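# Structural characterization, general
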Amino acid sequence: MYAVVVTFKLKPGQAKAFLALMRDNAATSLSTEEGCHRFDVCTDPARPEEVFLYELYDDRAAFDTHLASAHFQTFDTTAGPMISSKSITTYAQVHP
C-alpha cells in the first residue's frame, strides 16, 4: 500500500465550496480508480478552514494515475484559488 496524507489550509470563507468539490473528487476516485482503496476527507469544526485527507493506493503508480485523471485535474484547477497552502506527505508500507 501507498499512503498519501494531505493538509489544506483554505482561504477564509472557502470551506463549504472546497468541501463540495473535495467530496466529489474523493467519491469519483474511489468509484473509478482501481488502485484507490481509501479516500477520507476530514476536518475539525474548530478549524473549518483546515482539511485533512488520508488516501490509500496500491502503489505510487496508482497515485500517479489519480493525479493524471481528468476528475483530479478539474478539481485541482477549480479548487486551486480556494487554497492558501497545501502539505503532501507520502508513505510506503513496510509492515505487514
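Residues numbered from 1 in each chain as written. Predicted model: local features only at pLDDT ≥ 70, side-chain atom pairs only at ≥ 80, totals over all residues. Heavy atoms only, no water.

## Things to note about the pairing of strand β3 (residues 47–57)
So the rule is basically this: Only when DSSP finds a minimum of two bridges between them are two strands counted as paired. The helix and strand labels rest on DSSP assignments: H or I over at least four residues marks a helix, E over at least two residues marks a strand, and numbering proceeds from the N terminus.
Pairing of strand β1 (residues 2–10) with β3, which is carried by 8 bridges, proceeds in the antiparallel orientation. For Phe8, the partnering residue across the bridge sits in β3 and is Val51. Judged from the 8 bridges that link them, strand β2 (residues 36–44) and β3 form a sheet pairing that is antiparallel. Counted as the bridge partner of Cys42 is Phe52 from β3. Hairpin connection from β2 to β3: 2 residues lie between these consecutive antiparallel strands.

## Considering the layout of surface pockets
Rules: Here a cavity denotes grid points, spaced 1 Å and computed from the protein atoms alone, that fit a 1.4 Å probe unable to get out, and a pocket denotes an open set having protein on both sides within 12 Å along at least 5 of 7 lines; residues with an atom within 4 Å of a point are the lining. Grid points are joined across faces, edges and corners, and a volume is the space filled by probe spheres set on the points. Residues are grouped as follows: Ala, Val, Leu, Ile, Met, Phe, Trp, Tyr, Cys and Pro are nonpolar; Asp, Glu, Lys and Arg are charged; all remaining types, including Gly, are polar.
Approximately 170 Å³ is the volume attributed to the largest pocket. Elements supplying a minimum of two residues to the lining of the largest pocket: β1, α1 (15–32), β3, α2 (60–68), α3 (70–79) and β4 (83–92). Each residue belonging to the lining of the largest pocket can be placed in one class, and the counts come to 11 nonpolar, 2 polar and 3 charged.

## A short note on the pattern of salt bridges
So the rule is basically this: For this document, the term salt bridge refers to a Lys or Arg side-chain nitrogen within 4 Å of an Asp or Glu carboxyl oxygen. Buried residues are those whose accessible area, probed at 1.4 Å on protein chains only, stays under 20% of the maximum for their type, while exposed residues exceed 50% and partly exposed ones sit between those limits.
Enumeration according to the criterion identifies 6 salt bridges in this entry. The partner of Arg47 in a salt bridge is Asp44, with the nearest N and O atoms 3.3 Å apart. Exposure remark for Arg47: the relative accessible area of 42% places this residue in the partly exposed category. The salt bridge partner of Arg47 is Glu50, with a shortest N-O separation of 3.4 Å. One connected set of salt bridges, linked through shared partners, spans Lys9, Asp44, Arg47 and Glu50.

## Digging into α3
Threshold: This arc describes the spread of directions from the helix axis toward the C-beta atoms. Whether two residues are in contact is decided by their heavy atoms, any of which lying within 4.5 Å being enough.
Within α3, burial applies to His71, Phe72, Phe75 and Ala79. One face of α3 carries all of its buried residues, which in axial projection span an arc of 100 degrees. Exposed and facing more than 90 degrees away from the buried side of α3 are Ala70 and Thr77. Elements that come into contact with the buried residues of α3 comprise α1, α2 and β4.

## What about the packing of α1 against α3?
Basically, it comes down to this: To define axes, lines are fitted to C-alpha atoms, for helices over the stretch in contact only, and angles between the resulting N-to-C directions are given on a 0 to 180 degree scale. Here is the rule for angles: anything less than 35 degrees is roughly parallel, anything more than 145 is roughly antiparallel, 65 through 115 is roughly perpendicular, and the remaining ranges are oblique.
It is the contact of α1 with α3, at a shortest axis distance of 10 Å, that shows an interaxial angle of 170 degrees. Taken together, the axis directions place α1 and α3 in an arrangement best described as roughly antiparallel. In this structure, α1 uses Phe18, Leu21, Met22, Asn25, Thr28, Ser29 and Thr32 to contact α3, whose residues at the interface are His71, Phe72, Phe75, Thr78 and Ala79. Of the residues contributing to the contact of α1 with α3, the split by class is 6 nonpolar, 6 polar and no charged.

All quantities given are derived from atomic positions and should not be read as evidence of function.
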